[in-house]
Amino acid sequence: MRKGVMRPGHVQLRVLDVEEAVAHYRDRIGLIEVHRDGQGRVYLKGWTEVDAWSVVLRPAEEAGMDFMGFKVLDAETLQARKQDLINYGCHVESIPAGELDGCGERIRFQVPTGHHLELFAEKEQTGKWGVGEHNPEAWPEDLKGMRATRFDHALLYGDDLDGTVDLMTTVLGFQLSEQVLDRENDDFRLAAFLTLSTKAHDVAFIRHPEKGKLHHTSYYLDTWQDVLRAADIISMHDIPLDIGPTRHGLTHGQTIYFFDPSGNRTEVFAGGDYTYPDHPVTTWDADKLGKAIFYHDRQLNENFLGVVT
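The structure displayed is predicted, hence computed values, not measured ones.

### Quick notes on the pattern of salt bridges
When the charged atoms of two side chains with opposite charge come close together, those side chains can pair.
So, step 1. Evaluation of the coordinates by the stated rule reveals 23 salt bridges.
So, step 2. Note that Lys 71 and Asp 51 form a salt bridge whose closest N and O atoms lie 3.0 Å from each other. With Lys 71 in strand S5 (residues 64–72) and Asp 51 in the loop between strand S3 (42–45) and strand S4 (55–59), this pair connects stretches of sequence that are 20 residues apart. The pair formed by Lys 71 and Asp 51 is uniform in burial state, with each residue classed as buried.
So, step 3. The partner of Asp 162 in a salt bridge is Arg 207, with the nearest N and O atoms 3.3 Å apart. In this pair, Asp 162 is assigned in helix H3 (residues 161–170) and Arg 207 in strand S12 (residues 203–207), connecting sequence segments 45 residues apart.
So, step 4. Taking relative accessible area as the criterion, Asp 162 reaches 37% and is therefore assigned partly exposed.
So, step 5. Judged by its relative accessible area of 22%, Arg 207 is partly exposed.
So, step 6. Each member of the salt-bridge network shares a partner with another, and the members are Glu 19, Arg 26, Asp 27, Glu 33, Arg 36 and Lys 144.

### Some thoughts on the layout of surface pockets
So, step 1. Considering only enclosed or pocket space, the largest pocket measures out at about 330 Å³ in volume.
So, step 2. Lining the largest pocket are 24 residues, with His 153, Ala 200, His 201, Thr 251 and Phe 269 sitting closest to its centre.
So, step 3. When residues of the lining of the largest pocket are traced back to their parent elements, those giving at least two are strand S9 (150–158), S12, strand S13 (213–220), strand S15 (253–259) and strand S16 (265–271).
So, step 4. Counting residues per element, the lining of the largest pocket draws most heavily on S9, at 4 residues.

### Quick notes on the sheet that holds strand S6 (residues 92–95)
So, step 1. Taken in spatial order, the 8 strands of this open sheet run S2-S3-S4-S1-S5-S8-S7-S6, and their pairing is mixed. Every other strand in the sheet has two partners, leaving strand S2 (32–36) and S6 as the edge strands with one partner each. For this sheet, the mean angle separating the axes of adjacent strands, direction not counted, is 25°.
So, step 2. With 3 bridges joining them, S3 and S4 adopt antiparallel strand pairing. Of the residues in S4, the one forming a bridge with Val 42 is Leu 57.
So, step 3. Together, strand S1 (5–15), S2, S3 and S4 form the strand contacts of helix H1 (residues 18–28), whose direction differs from that of S2 by roughly 145°.

### Digging into unusual backbone geometry
So, step 1. Pro 245 follows Gly 244 through a cis peptide bond whose omega is 5°.
So, step 2. Relative to the helices and strands, Pro 245 is located in strand S14 (residues 241–247).
So, step 3. Positioned with a positive phi, Asn 135 is a non-glycine residue whose angle comes to about 50°.
So, step 4. The residue Arg 147 is not glycine, and still its phi comes out positive at about 60°.

### Let's talk about the sheet that holds S14
So, step 1. The 9 strands are arranged S14-S15-S16-S13-S9-S12-S11-S10-S17 in an open sheet whose pairing can be described as mixed. Either end of the sheet is taken by a strand with one partner, and the two such strands are S14 and strand S17 (282–285). Strand-to-strand twist of the sheet, defined as the mean angle between neighbouring strand axes without regard to direction, takes the value 20°.
So, step 2. Relative to S16, S15 is paired through 7 bridges, and the arrangement is antiparallel. Across the sheet, Ile 256 pairs through a bridge with Val 268, a residue of S16.
So, step 3. Of the strands in this sheet, S14, S15 and S16 are in contact with helix H4 (residues 224–236), which crosses S15 at around 15°.

Parameters and conventions
Residues numbered from 1 in each chain as written. Predicted model: local features only at pLDDT ≥ 70, side-chain atom pairs only at ≥ 80, totals over all residues. Heavy atoms only, no water. Salt bridge = Lys/Arg side-chain N within 4 Å of Asp/Glu carboxyl O. Helix = DSSP H or I, 4+ residues; strand = E, 2+ residues; numbered from the N terminus. Buried < 20%, exposed > 50% of the residue type's maximum accessible area, 1.4 Å probe, protein only. 1 Å grid on protein atoms, 1.4 Å probe; cavity = no way out; pocket = protein on both sides within 12 Å on 5 of 7 lines; lining within 4 Å. Points joined across faces, edges and corners; volume = space filled by probe spheres on them. Pairing = 2+ DSSP bridges. Axes fitted to C-alpha atoms, helices over the stretch in contact; angles between N-to-C directions. Contact = heavy atoms within 4.5 Å.

Below is the structure:
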């Protein structure tokens, strides 16, 4: 059941060196730098996004993710979901409008895996970068690097996977689209992919002994050829490569993974499945996890599974 939570709206990442991080996300991935605030945070967006920004880089001593935010329909929905979260037992914090420049009130809460998530209803809208909404051209001619179109999703690691899935589905209206189960251990759930729309997923969680860890943030490209071009850019600029280009079994997306200068993992991808409300959950068995993650070579990469921030 949909609860008026529409889509991913933003993510705030901790970075060790702001200028090195900006070069990664702006010049290599191709996000647009739109603003810097008085706290030293840098705001960026993908060129197809209508909101003023979606990625915030915050200077810090330790890499990782501060929070991920989701946009809701309106102020009434925001207050209704706030009360639902309180009734569910979550500690809810109201972040005043303007704490992030151009963004209205945010409702922050912690899910059982230890991650801080937010809901918000209002953010300044500046339209698609370089093309607008009136007689738009196909794409801006001044895009950089991999030409990422949008911030798409995050994969998060934490311990209480089942508790988080229950909260996200019952309180916020996410749909479980895909999962990994350990059939030899009473169908113990190891991974869950959750969507608010027809996308393969808007956020995903993998069971991990530590709370609140970030596996990666992901940015959408148009085609498989763009993923191959991203691989060229990674090599041209000596960016640390994790794995790829390859295809996932989960979601069937075409993908490549690499690291920002602070050690936060980044993904760019193209393609992927679609999900409608009447679709059954796609399930992978744990003993097929290699094929589920890396469809072509069907081998688990311990670096991919274990390195988080």
